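Structural overview for review
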Amino acid sequence: MPVTLINDTTIQTLLVVGPATVAEIDELGDAFRSAVASGAPTVRVDLSGLGKLDVTFLQLLVSLRATLARAGRSLSCLGLGPDHPARRQAAALGLSAAFDGCGGQR
Amino acid sequence: MNFEDNKGLFVEEARELLESIESRLLELEQAPGDEAIIDDVFRSLHTVKGSGAMFGFEEMTAFAHGLESLFDDVRKGRLGVTGEIVGLTLESVDCLSSLLEGRDDEAARARGSIESRLEAVRRGAEPAPEADAKPPAAAGSSATDKAGTAGGSKGIVPIAADDPSEAGLTNVYRIRFRPDADLLGRGVKLENLFSELAELGTVVAVADASRVPELDALEPSSLYLSWILTLSTTASEADVSSVFMFVEDYAELKIERLPVVDAEGKPAVPPIGELLAARGALERDSIDEIRGRQKPFGELALEAGKVSKPELEAALAEQRMAKAAGQERENKKESASIRVRKEKLDYLVDAVGELVILQARLRQAATEAGLDEFSGIAEDLSRLTDELRDATMNIRMVPLDESFSGFPRLVHDLAAQLGKELNLTLRGGATELDKNIIESLKDPLVHIIRNSADHGVESPEERERAGKPRAGTITIEARQQGSRVEIEIADDGAGLDLERVRERGVERGLIDASERDPERIKSLIFEPGFSTARQTTGVSGRGVGMDVVRSNLRRLRGDVSIATERGRGTAITLSIPLTLVIVDGLLVRVGGVHYVVNLSQVLECVDEPASGRAGRGARGFIDLRGKTIPIVDLRERFGLGRGDERADRRLVIIDDDGSVVALWVDAVVGKQQVVIKPFTMDLRQIASIAGATVLGDGSVALILNSREIIKTLRRDERAQTKECT
């Protein structure tokens, strides 16, 4: 299971563990939709266990951010240090914005 | 097209690239200072590496990387081209080929040794403190001499490090890349593509996420993103395009090289407003209006909502790079061709073949029905079918260069293996043949070349003694002759020792001891297992090969002939029909059976003359306007009985490459376009029949092999002459 949804009344936390590539993307997408459907004001994505990723995951994050923003809700992101390889990969793909606001601390 | 299809396409492309590298390396051996060839090899290796990574050929990618680095050293003048480098690269290309074809064990055996030698060569590339700063072109004898003093590996020439003018060759490219939504499903890894692009220089990628839908509408494995990439590189536009080689069919792609100098050669740094306008992101009228606001233009444009953030970021990146770029180099190369899988083409040809048959049936039905309108439609359809047939057959025609491309390497290796000096001359590579025929020709040509190199061309010492140049020459020449293509493989070697061939033939019981006919003796070399070699070499001499040539040629409805002169050399000529599938034929009837004669060989049809015929069967002749032409009675040839002696019969005069004969038939039915259908093994044995076809009424007609009929006639004539003497 690449993603675990931790329910809380105000914050829904998505714990992403391991690879997040096109092979896992459908499952990740379902989990992200569930988090949005919960209606919690804030959705948090914990990327501290994130492994290999590809463009589909970055796209999913972009979509999640836009979905929440339209509903006046927010996305917070954590567990991704400034030197995390995922940031370099996102930058190479011109998608650094996908990790906007992602902190290094859990 | 799924991932496997794309992978197959990559394998096909990579094969071609490896072949091209091989032939360029052989050219490089002759012209070691040719920078264009060095660049070509480097580019091709780079493409093999990059594309291999995209399709999961990891070992191949890693191996190609080492080789690419070697050529990067060569390109940058850190190494000069030597025989060792060319030889090592050729071995590496073989290894890459094994990895590509999944022959991993074979590749693993070669790889260790190659990689350690590559490493040793590259160590020699490190700039030596006292090395002269000479241009990289020097790879002749003086360059080789220097190797020893520089302390590098044998044959390695460490020379000047970086080319200082390289910085002046930087170009800036704007790449708009909008992949199809299902691109990732085809196995493409965009990350690898972007990183390959980054290897060419400095790249700034700006993604446009404006089309990414909200989660409810998002199909997570589909792509909604598009990119504007700005690349600053010394690479050519062709290099940049090659990065996208395997995705360009599944994406909107536009690569533009931006001017980096003005008309006076000074750096061109367009204002950001101009850049945005040039990119179509901003109305020109808005430029002055925004300028008036005294803020950085980009910022103002963004605030004013005139451009999107990704557009601005990309334009700023472009501006930065344009400042750094110095010199414009025009290397625009557009591809006007598409690649189609051979199976698809075969299917198209089959379908057109069926259409041709159906059209013939329709025309026949129209004629029988006697309805003018129906006949008119059938005629129109017939014309259209002809055009479609010609266009389709033309698609399958490819130049023989494709078949020739591997021969320089083959001759190079044979020369090394046999200790001979060999030159290869290729002519007529632009001559076109059906793709399927070209593929079937490769083996016969290889066998003939091996034989020429091994048995034809003498050793350098023998040649000198004979007053010939030390190096022997093998010449391959292709030319079109009517509806056939001839390929002649000639050497200037010792020529066939016909007496030795004759003796060997007698020993093996293939000919009678009294046989002296040179044509018959020469034809012995095509007998299975026939060889006059006193010892077997690794190259030839086992008597396997030339029989393969004949059998392959027969399968192609082709023919092979030999001309040889002792001490002067041997020429083997292959004659092959242009295409195997659809031909225009003349339909004739003999003994109730329909036969088709290739229309391109038909000179005329004449009524059986009341006089002037000296006899019947193969021994008869007709005097046609003063010219004596032998008659072949097809009834007799095919054992169809003598028929009604009183019935009027006709003669079809044919010309096969200068040999004119008259075919005696019962009736000429008319012109007919025929689709040649493959034969079963049993029927293939009948040499006078080249194939079969289905006629408009569904019946079968046999296609005559005129060349074989004429050959049999000549044989009969010689036999008769022998009998008489």
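Preceding this section is the structure that the text describes.
Rules used in this analysis
Residues take numbers from 1 onward in each chain, read along the sequence in its written order. Numbering of ligands from 1 and lettering of chains from A proceed in the order in which they are written. Where local features are concerned, this predicted model is filtered to residues with pLDDT of at least 70; where side-chain atom pairs are given and counted, the filter is 80 or more; whole-chain, interface and lining totals use all residues. Runs of E in the DSSP output that reach at least two residues are strands. Runs of H or I that reach at least four are helices, and both are numbered from the N terminus. Backbone-placed C-beta atoms define the burial measure: a residue is buried with 20 or more other C-beta atoms within 10 Å of its own, exposed with 12 or fewer, and partly exposed in between. Two strands are counted as paired when DSSP detects at least two bridges linking them. Geometry is summarised by axes, namely lines fitted to C-alpha atoms with helices restricted to the contacting stretch, and by angles between N-to-C directions that run from 0 to 180 degrees. We call two residues in contact when their backbone-placed C-beta atoms lie within 7 Å. Under the scheme applied here, ten amino acids are nonpolar (Ala, Val, Leu, Ile, Met, Phe, Trp, Tyr, Cys and Pro), four are charged (Asp, Glu, Lys and Arg), and all others, including Gly, are polar. What sets the label is the angle itself: under 35 degrees gives roughly parallel, over 145 gives roughly antiparallel, 65 to 115 gives roughly perpendicular, and the rest give oblique. For any helix crossing, the convention is left-handed if the near helix is rotated counterclockwise from the far helix by under a right angle, and right-handed if that rotation is clockwise. By this rule the span expected of a helix is its residue count minus one, scaled by 1.5 Å. Arc definition: directions from the helix axis to the C-beta atoms.

This brings us to the overall build of chain B. Counting its regular elements, chain B contains 24 helices and 21 strands. Per-residue burial for chain B yields a buried fraction of 37% across its 725 residues.

A separate point is the sheet that holds strand β6 (residues 422-427) of chain B. All names here are of chain B. On the basis of which strands lie adjacent, the open sheet formed by five strands has the order β6-β8-β9-β11-β10 and mixed pairing. The outermost strands of the open sheet, each flanked by one partner alone, are β6 and β10 (559-565). Across the sheet, the mean angle separating the axes of adjacent strands is 15° when strand polarity is ignored. One ladder, built from seven bridges, connects β10 with strand β11 (residues 569-577); its direction is antiparallel. Along β11, the bridge assignment pairs I562 with I572. Its contacts with the sheet place helix α16 (residues 407-418) against β6 and β8 (472-481), and it is angled at close to 165° to β6.

Between chain A and chain B, the contact holds 24 residues from the first and 21 residues from the second. Elements with a contribution of two residues or more to the side of chain A that touches chain B: α1 (25-37), α2 (55-70) and α3 (85-92) of chain A. It is α2(A) that contributes the most residues to the side of chain A that touches chain B, 10 residues altogether. Of the residues assigned to the side of chain A that touches chain B, the class counts are 13 nonpolar, seven polar and four charged.

Before going further, it helps to examine the packing of helix α17 (residues 435-456) of chain B against helix α21 (residues 546-555) of chain B. Residue and element names in this part refer to chain B. Across the interface, α17 lies against α21 with an axial gap of 9 Å and an inter-helix angle of 150°. Relative to α21, α17 is oriented roughly antiparallel. Considering how the two elements wind past one another, α17 and α21 form a crossing that is left-handed. Seen from α17, the contacting residues are S440, D443, P444, H447, I448 and N451; seen from α21, they are M546, V548, V549, N552, L553 and R555. The residue makeup of the contact of α17 with α21, split by class, is six nonpolar, four polar and two charged.

Residue and element names in this part refer to chain B. Note that K435 resides in helix α17. What makes K435 partly exposed here is the crowd of 18 C-beta atoms within 10 Å. As for K435 and M397, which are separated by 38 residues in sequence, their C-alpha atoms are 5.8 Å apart. Not counting residues within four places of it along the chain, the set of residues in contact with K435 comprises K342, R396 and V398.

Right, let's get into the environment of E106(B). Positionally, E106(B) belongs in helix α5 (residues 104-123). Distance in space between the C-alpha atoms of E106(B) and C95(B) is 7.7 Å, their sequence separation being 11 residues.

Turning our eyes to something else, we now look at the sheet that holds strand β19 (residues 667-675) of chain B. All names here are of chain B. Ordered in space as β19-β12-β13-β21-β20, the five strands form an open sheet in which the pairing is mixed. Since the sheet does not close on itself, it has two edges, and those belong to β19 and β20 (689-694), each with one partner. Shown here is a sheet whose adjacent strand axes are inclined to one another by a mean of 35°, direction ignored. Relative to strand β21 (residues 700-704), β20 runs antiparallel, the two sharing five bridges. By the bridge assignment, I689 is partnered in β21 with L704. Contacts between helix α13 (residues 342-369) and the sheet are confined to β12 (582-590), β19 and β20, with β19 contributing the most and set at about 145° to the helix.

Residue and element names in this part refer to chain B. Most of strand β9 (residues 484-491) sits inside the fold, with six of its eight residues counted as buried. Strand direction decides the pairing type here: β9 and β11, joined by eight bridges, are antiparallel. When the sheet's bridge partners are listed, A490 is paired in β11 with A571.

With that settled, the discussion passes to the pairing of β8(B). All names here are of chain B. Note: β6 against β8, six bridges, orientation parallel. Within β8, the residue paired with L426 across the bridge is I476. Looking at chain direction, β8 and β9 are connected through eight bridges and run antiparallel. Looking at the pairing, R479 lines up with E486 of β9.

Mapped onto the elements, I622(B) comes out in strand β15 (residues 621-624). Considering only alpha carbons, one finds I622(B) and V661(B), 39 residues apart in sequence, at a separation of 9.2 Å.

So, on to α1(A). At 3.6 residues per turn, the α-helix brings residues three or four places apart onto the same side. Residue and element names in this part refer to chain A. Taking 1.5 Å as the rise per residue, α1 with 13 residues should run 18 Å; its terminal C-alpha atoms sit 18 Å apart, in good agreement. Inspection of α1 places I25, L28, G29, A31, F32, A35 and V36 among the buried residues, and these make up the whole buried set. What you see down the axis of α1 is that its buried residues fit within an arc of 165°, all on one side. Immediately downstream of α1, the backbone of G39 shows phi near 85°, a positive value.

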